[in-house]
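Survey of secondary and tertiary structure
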Amino acid sequence: MSSLLVDNIGELVTNVVGGGEAGPLGIRRNSALLVEDGQVAWIGPARDAPAADRRIDAEGAAVLPGFVDSHAHLVFAGDRAAEFAARMAGQPYTGGGIRTTVGATRAASDDELRATVRRLRAEAMRQGTTTIEIKSGYGLTVADEARSLRIAAEFTEETTFLGAHVVPAEYAHRPDDYVGMVCGPMLAAAAPYARWIDVFCERGAFDVDHARAILACGQAVGLGVRVHANQLGPGPGVQLGVELGAASVDHCTHLTDADIDALVSTGTEGAGTATVATLLPGAEFSTRSPYPDARRLLDAGVAVALATDCNPGSSYTSSMPFCIALAVREMRMTPAEAVWAATAGGAMALRRDDVGRLRPGARADLMILDAPSHLHLAYRPGVPLIRQVLYNGVPQCR
Ligand code: NIG
Ligand code: FE
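Note that this is a predicted model, so its numbers are computed, not measured.

**Some words on the overall build of the chain**
From N to C terminus, the chain includes 14 helices and 17 strands. At 21 Å, the chain has a C-alpha radius of gyration in line with the 21 Å of a compact globule built from 398 residues. Expressed along its principal axes, the backbone C-alpha trace of the chain runs to roughly 70 × 45 × 45 Å. Here the chain, with 398 residues, has 55% of them falling under the buried criterion. Put simply, 72% of the contacts in the chain that link residues at least 6 apart link residues at least 24 apart.

Below is the structure:
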C-alpha cells in the first residue's frame, strides 16, 4: 500500500465541525493530509506530518474536498446554442426545447453519447468535481432510457432514471399511457442501472398525481427519490418530495412558506432523513430568470446544496466554481455557505457520507487551489483556480 502526503496546506477545508476553526467549513491552518489506499488516513499540523512514499507540496494554498455535483444531465446529443441566443434576445424558457434534444439523442450512436459523457465528465473533473450524478431523460423510449443509464453507469455510481422528463411527442395526447409505460417496461429496463428516480414535476411536464405514481413505482423497486420541483413557477413538487422522503428537491426557485415549512420538518443533517433543497443557479443564469431565495432557505434552517444542472438547454455549464460565484454574488450566500453547499451539501443530497468531507476514512477526493483561500472561488470568478485534483487518492492529469 503506497502512501501520499499532501503537505504545506495553508487552509484546509474539512467540513468537519469542531475539527478546526469555528464555522461550517471546519478550517484548519498549516496542515497536512495523508492518503493511503484511496482514503484519508490522517490529518494534522504540517509539523507533525508522517513520512510517506510520495509528497505533494501545496505551497501554502487552500485544499478543499472535491465538489459533489448532485444534479447533471450529461447523456445527450446536439446542442441548443441557438435557443440560448434566442433567450438572450428575449424569448422565455419553457422546457419545450427538451424535445429537440430527445430527437438528437435518439439518433445518436452509443459511442457518440459515451464520448459526450466522457468529455463533460473530464471537464467537470478539471474543475474539481470528484462526484457527479448523471440523469437519463433525453431518450424517453424503453431502449433509449436504458442505454442512457447504462452509459451513465460507466462513469458514476450516482445514476438517476428521469424517464418522466417530458411526455414525448408520440404520446402527446395520451399522457396516462406514457406514465403507465414509464412505471412498467421502462422502469424495469432502467432500474438495473439506476440508483435514483426523478420526475420533472411542473406545468407542461408531469402533474402531481402522475409524478407521485412514477416516484412510488421507483421506490417500490428500491430507487431513491429526487424531484425537479418549483422551477418555472409555484407548484406541488417540493411538498411531494417531502411526502415521499426525497433525498433532494431540485431548483426550488418558486417557494411558498408552506414549502419551506415542509422542508424544515424533514430534519437537519445527521438524522439522515432531511430533504435537501438543491439550488441550480446556472439554470437561472442561462434562462435569465430570477434566482432562488437561498437566504430564506438557509435562515429557516433548510440544508442547501449547489449543483450545475449541466444540460444542453437550461444550463450548459459543468463548473461548480461558477455556481459558487453565482450563489455568492446573486443569491447572497456567504462564500462559506456556498462552498459547503457544493461539497458537503451535495453529498447530503446524494445521502453519501464518504465524500464531501475530509476526515480519516473518507474518500481521498480533494482539490488543491491556485489560491490561498476558498474565498477566491467567488472572489476570482471565471478564473481556472483548480491546480490539482485527487480522485480516490489518485492525482488526475491536467
Ligand atoms: O433541470 N427542467 C427540466 N430539465 C432540465 C432542463 C432540460 C432542458 O432544457 O433540456 C433542467 O433545467
Ligand atoms: Fe435538471
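**Examining the site of ligand 1**
Near ligand 1 there are 13 residues, and of these Ile98, Phe200, Asn311, Gly313 and Ser314 occur at the shortest range. Here the shell around ligand 1 is built from residues that sort into four nonpolar, eight polar and one charged.

**Some points on the UniProt feature "binding site: 4-imidazolone-5-propanoate" (unreviewed entry) in the chain**
As annotated by UniProt and renumbered to match this structure, "binding site: 4-imidazolone-5-propanoate" (unreviewed entry) occupies Arg80, Tyr138, His165, Gln231 and Ser314. Within the fold, arginine 80 resides in the loop between strand E6 (67-69) and helix H1 (81-88). Among the structural elements, glutamine 231 can be located in the loop between strand E11 (224-229) and helix H7 (237-243). Here glutamine 231 is in contact with Glu202, His251 and Thr253, once residues within four sequence places are set aside.

**A short note on the packing of helix H11 (residues 320-331) against helix H12 (residues 335-342)**
Direction vectors running N to C along H11 and H12 enclose 145°, while the axes themselves pass 9 Å from each other. The chirality of how H11 crosses H12 is right-handed. Counting all contacts with H11, which are made through Met320, Cys323, Ile324, Ala327 and Val328, the residues of H12 involved are Pro335, Ala338, Val339, Ala341 and Ala342.

**Digging into the sheet that holds E11**
Taken together, seven strands build an open sheet; the order of strands is E8-E9-E10-E11-E12-E13-E14 and the sheet is parallel. Of all strands in the sheet, those with a lone pairing partner are strand E8 (134-135) and strand E14 (304-306), marking the two edges. Two elements, strand E13 (residues 276-279) and E14, share three bridges in a ladder whose sense is parallel. Along E14, the bridge assignment pairs threonine 278 with alanine 305.

**With respect to the domain arrangement of the chain**
Examined at the domain level, the chain breaks down into domain 1 (3-65 + 356-395) and domain 2 (67-349). Its C-alpha centre places domain 1 at a distance of 29 Å from the equivalent point of domain 2. Residue-level contacts link 20 residues of domain 1 with 21 residues of domain 2. For the side of domain 1 that touches domain 2, the secondary-structure elements that each account for two or more residues are strand E5 (62-65), helix H14 (376-379) and strand E16 (386-391). If one sorts the elements of the side of domain 1 that touches domain 2 by residue count, E16 sits on top with three residues.

**A look at the pairing of strand E10 (residues 196-201)**
A large share of E10 lies buried, amounting to six of its six residues. Where burial is concerned, the two faces of E10 agree: the one with Trp196, Asp198 and Phe200 and the one with Ile197, Val199 and Cys201 are both buried. Where strand E9 (residues 159-164) meets E10, three bridges bridge the pair, whose relative direction is parallel. Bridged to phenylalanine 161 within E10 is isoleucine 197. With helix H5 (residues 175-190) bridging E9 and the parallel E10, this β-α-β connection has right-handed handedness. Relative to E11, E10 runs parallel, the two being bridged by six bridges. Opposite phenylalanine 200, over in E11, you have histidine 228 as the bridge partner. Handedness of the crossover joining E10 and E11 through helix H6 (residues 208-220) is recorded here as right-handed.

**Regarding unusual backbone geometry**
For asparagine 230, which is not glycine, the phi torsion reads 55° and is therefore positive. In this fold, asparagine 230 is placed in the loop between E11 and H7. On the basis of neighbour count, asparagine 230 is assigned to the buried category, with 26 C-beta atoms found within 10 Å. Residues other than glycine seldom take positive phi values, yet cysteine 252 does so here, at roughly 55°. Examined against the element boundaries, cysteine 252 turns out to sit in the loop between strand E12 (248-251) and helix H8 (257-264).

**Points about the nonpolar core**
Membership of the largest hydrophobic core comes to 132 residues, with the highest contact counts inside it found for Leu33, Val63, Leu306, Ile324 and Ala327. A domain split of this core shows at least three residues from each of domain 1 (3-65 + 356-395) and domain 2 (67-349). Excluding anything up to four places from it in sequence, valine 63 contacts Val6, Ile9, Leu12, Val13, Leu33, Ala58, Leu366 and Ile368.

**Quick word on the pairing of E16**
Where strand E15 (residues 366-369) lies against E16, four bridges are found, and the strand directions are antiparallel. When the bridges of E16 are listed, methionine 367 appears paired with valine 389. As defined by bridge partners, E16 adjoins strand E17 (residues 394-395) across two bridges and the pair is classed as antiparallel. Within E17, the position partnered with leucine 390 by the bridge is proline 395. Adjacent in sequence and paired antiparallel, E16 and E17 are bridged by two residues, among which asparagine 392 carries a positive phi angle near 55°.

**Re the confidence of the model for the chain**
Taken residue by residue, the chain gives an average pLDDT of 97. The fraction at 70 or more is 99%. Both scores are given for the predicted complex: the pTM is 0.98, the ipTM 0.96.

Quick notes on the rules
Residues numbered from 1 in each chain as written. Chains lettered and ligands numbered in written order. Predicted model: local features only at pLDDT ≥ 70, side-chain atom pairs only at ≥ 80, totals over all residues. Helix = DSSP H or I, 4+ residues; strand = E, 2+ residues; numbered from the N terminus. Rg over C-alpha atoms; globule rule 2.2 N^0.38 Å. Buried ≥ 20, exposed ≤ 12 C-beta atoms within 10 Å, placed from the backbone. Contact = placed C-beta atoms within 7 Å. Near = placed C-beta within 6 Å. Nonpolar A, V, L, I, M, F, W, Y, C, P; charged D, E, K, R; others polar. UniProt positions renumbered as here; feature names shortened; annotations may be inferred. Axes fitted to C-alpha atoms, helices over the stretch in contact; angles between N-to-C directions. Left-handed = near helix turned anticlockwise from the far one by under 90°. Pairing = 2+ DSSP bridges. Domains from an automatic or database assignment. Right-handed = clockwise from strand over helix to strand, strands pointing away. Core = buried A, V, L, I, M, F, W, Y, C linked by C-beta atoms within 7 Å. pLDDT = per-residue confidence, 0-100.

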